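# Per-entry structural report
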Amino acid sequence: MNKDSVQYKVILLAVMSAICGLLLGAVNSITAPVIAEANLATVKSSLEQIYPGADFAEVTDFTDDSGYITAVYTAEGKGTVYSIHGVGYNSDGFDFLYGINDDGTTSGFVVLSENETDGFGKRCFTDESIANYTAISVGDDIPMVSGATLTSTAIRNGITAAWNLWNASK
């Protein structure tokens, strides 16, 4: 076959692409667990606010039809932590962690980010409101904050989505 022919160049390109694909696949299989562990280490400090000293594992095989749950982590022998994204008055939304003990009680509520309106949506993230969220168990009424309907509703929907996943795992 002539090295200047189109067929030779196509075959050479196909062989080179296959070799590169195999090499990338091999590198990915080696680095994927390392990357997953590094990602878990990034959020571990926040998770430890709910379960100090626990061994965490990320759950990747969950289905959340509501769209509120962004990640799920188990704390071995203690409970489950749900990373939740909701949208209140501010269209950027907010993120928080919500922990559920193995017995269905709330283990914690940690605000990761929020940029809600002062005097309204921000009231949902005060110590008093967070204490109300942590005082509930699966199936209880979720407290709403008067005057912060959009933010309260998003928090309630996020917690409800976490409860639904928690119930489905039992």
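This text follows the structure it describes.
Okay, so let's go over this structure. None of these values were measured; they are calculated from a predicted model.

## Description of the packing of aromatic side chains
Scanning the model with the defined rule gives four aromatic pairs in all. Taken together, a centroid distance of 5.2 Å and an interplanar angle of 65° make the contact between Phe-94 and Phe-125 edge-to-face. Of the two residues, Phe-94 sits in strand E4 (residues 94–101) while Phe-125 sits in the loop between strand E5 (106–113) and helix H2 (127–134), which places them 31 residues apart along the sequence. Using a relative accessible area of 0% as the deciding quantity, one classes Phe-94 as buried. Residue Phe-125 is classed as buried on the basis of its relative accessible area of 11%. Through a chain of ring-to-ring contacts, three or more aromatic side chains come together here, namely Phe-94, Phe-96, Phe-109, Phe-125 and Tyr-133.

## Here we look at the environment of Glu-114
Along the chain, Glu-114 turns up in the loop between E5 and H2. Residue class for Glu-114 comes out partly exposed when judged on its relative accessible area of 26%. Sequence spacing of Glu-114 and Gly-86 is 28 residues, and the spatial spacing of their C-alpha atoms is 9.6 Å. When neighbours within four sequence positions are excluded, Glu-114 is seen to be in contact with Gly-93, Phe-94, Lys-122 and Phe-125.

## Some thoughts on helix H3 (residues 149–169)
Between its terminal C-alpha atoms H3 stretches 30 Å, which fits the 30 Å expected from 21 residues at 1.5 Å a residue. Listed as buried for H3 are Thr-151, Ser-152, Ala-154, Ile-155, Gly-158, Ile-159, Ala-161, Ala-162, Trp-163, Leu-165 and Trp-166. Next to the buried residues of H3 lie strand E2 (69–75), strand E3 (79–86), E4, E5 and H2.

Conventions and cut-offs
- Residues numbered from 1 in each chain as written.
- Predicted model: local features only at pLDDT ≥ 70, side-chain atom pairs only at ≥ 80, totals over all residues.
- Heavy atoms only, no water.
- Phe/Tyr/Trp six-rings, centres within 6.5 Å; stacked < 30°, edge-to-face > 60°.
- Helix = DSSP H or I, 4+ residues; strand = E, 2+ residues; numbered from the N terminus.
- Buried < 20%, exposed > 50% of the residue type's maximum accessible area, 1.4 Å probe, protein only.
- Contact = heavy atoms within 4.5 Å.
- Expected span 1.5 Å × (residues − 1).

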